[in-house]
Amino acid sequence: MTVPAIDLNADVGEGFGAWPPAADEQLIPLVSSANVACGFHASDPGLMRRTVRLAKAHGVAVGAHPSFPDRVGFGRRMLAASPREIEDDVVYQVGALLGCCRAEGVPLVHVKPHGALYAAASRDPAVARAIVAGVRGVDPSLWLVCLAGSVLAREGRAGGVRCVEEAFADRGYAPDGTLLPRGTPGALVTDPAAVAERVSRLAREGIVRAADGTQLHVVLGTICVHGDTPGAVDVARAIRARLDRDGVAVRPFAAAGAAPG
């Protein structure tokens, strides 16, 4: 069945004082939701606010992208943190971006954990519950972006938070539906045509092929294009061209009919 609309999200604002970070000025107009780094793995107050302003200019929904406090490792290292520490870190980061959004007259729509925090929450109930508590503590109306079929999606709904499940345009999948670790063969898909084909099939059929050829059926409301994937802008342009050809609209998931948790 053809999906009439899908959300494309990108992790943005992941620079360190420079503007624009990576290709954000070109990438943000091509997506419908922006996950803005909140300072713990990248960004700073000025960059956060400028990124929110850029998203506003292009009608792109804004979300917070909290991380473990790991700027050296870009948030991709698993840190030993208690559930209370994780909850506090989520509250701190989401609250900071909420302040930037209010200063720019933009609603904060969602929260998507970054890197190792996202990976841990996808499989560890204690980490997932800590994130859910942090999100709910800041604003229980916020959406939580979760890996499709993950522990975080289950715990989010159990905790009364609206969840939207996510697939990845440019990341390789293991047969169990988890993402292949970065640095392993097939972990990144960078060919624009191949990524566009993957996204088209996800949007229309909810199917993605794992690295070993297994067909995975995914219930999803949003698809991620990583801003730091090589050639991210070319990849996003190829996706938009293919979705236009397929008659699939791109708009924020809250407007595209994502089912609340």
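Look up a bit, the structure's there.
Residues numbered from 1 in each chain as written. Predicted model: local features only at pLDDT ≥ 70, side-chain atom pairs only at ≥ 80, totals over all residues. Heavy atoms only, no water.

*Asks:* Can you walk me through the nonpolar core in this structure?
*Replies:* Among soluble globular proteins, nonpolar side chains are generally buried collectively. Counting residues in each nonpolar core, the largest one holds 73 residues, and the members touching the most others are Val 62, Leu 97, Leu 108, Ile 131, Leu 144, Ile 239 and Leu 243. Once you skip the residues sitting within four places of it in the chain, Leu 243 turns out to touch Ile 6, Leu 8, Val 199, Ser 200, Ala 203, Val 248 and Val 250. (Core = buried A, V, L, I, M, F, W, Y, C linked by side-chain atoms within 4.5 Å. Buried < 20%, exposed > 50% of the residue type's maximum accessible area, 1.4 Å probe, protein only. Contact = heavy atoms within 4.5 Å.)

*Asks:* What's the story with the layout of surface pockets in this structure? I'm lost.
*Replies:* Empty pockets left among the atoms are what a rolling probe the size of a water molecule brings to light. The volume enclosed by the largest pocket comes to roughly 520 Å³. Around the largest pocket sit 22 residues that line it, and Gly 115, Ala 116, Ala 119, Arg 171 and Leu 179 are the ones nearest its centre. Residue contributions to the lining of the largest pocket peak at six residues, all from helix H4 (residues 115–123). Taken together, the residues that form the lining of the largest pocket break down as 10 nonpolar, six polar and six charged. (1 Å grid on protein atoms, 1.4 Å probe; cavity = no way out; pocket = protein on both sides within 12 Å on 5 of 7 lines; lining within 4 Å. Points joined across faces, edges and corners; volume = space filled by probe spheres on them. Helix = DSSP H or I, 4+ residues; strand = E, 2+ residues; numbered from the N terminus. Nonpolar A, V, L, I, M, F, W, Y, C, P; charged D, E, K, R; others polar.)

*Asks:* How should I be thinking about H4 in this particular structure?
*Replies:* Taken together, the buried positions of H4 are occupied by Ala 116, Leu 117, Tyr 118, Ala 120, Ala 121 and Ser 122. Contacts made by the buried residues of H4 are with helix H3 (83–104), helix H5 (125–138), strand E5 (143–147), helix H6 (151–158) and strand E6 (162–168).

*Asks:* Quick question: what am I supposed to make of the pattern of salt bridges here?
*Replies:* Side-chain pairs of opposite charge can arise where the charged atoms are in close proximity. For the structure shown, the criterion picks out 15 salt bridges. Here Lys 112 and Asp 11 are joined by a salt bridge, their closest N and O atoms 3.3 Å apart. Here Asp 11 lies in strand E1 (residues 5–12) and Lys 112 lies in the loop between strand E4 (108–111) and H4, a separation of 101 residues in the sequence. A relative accessible area of 2% means that Lys 112 is categorised as buried. Given a relative accessible area of 5%, Asp 11 falls into the buried group. In this structure, Glu 165 engages Arg 157 in a salt bridge whose closest nitrogen and oxygen atoms are separated by 2.8 Å. Each of the salt bridges in this network shares a partner with another, and the network as a whole consists of Glu 197, Arg 201, Arg 204, Glu 205, Arg 242 and Asp 246. (Salt bridge = Lys/Arg side-chain N within 4 Å of Asp/Glu carboxyl O.)

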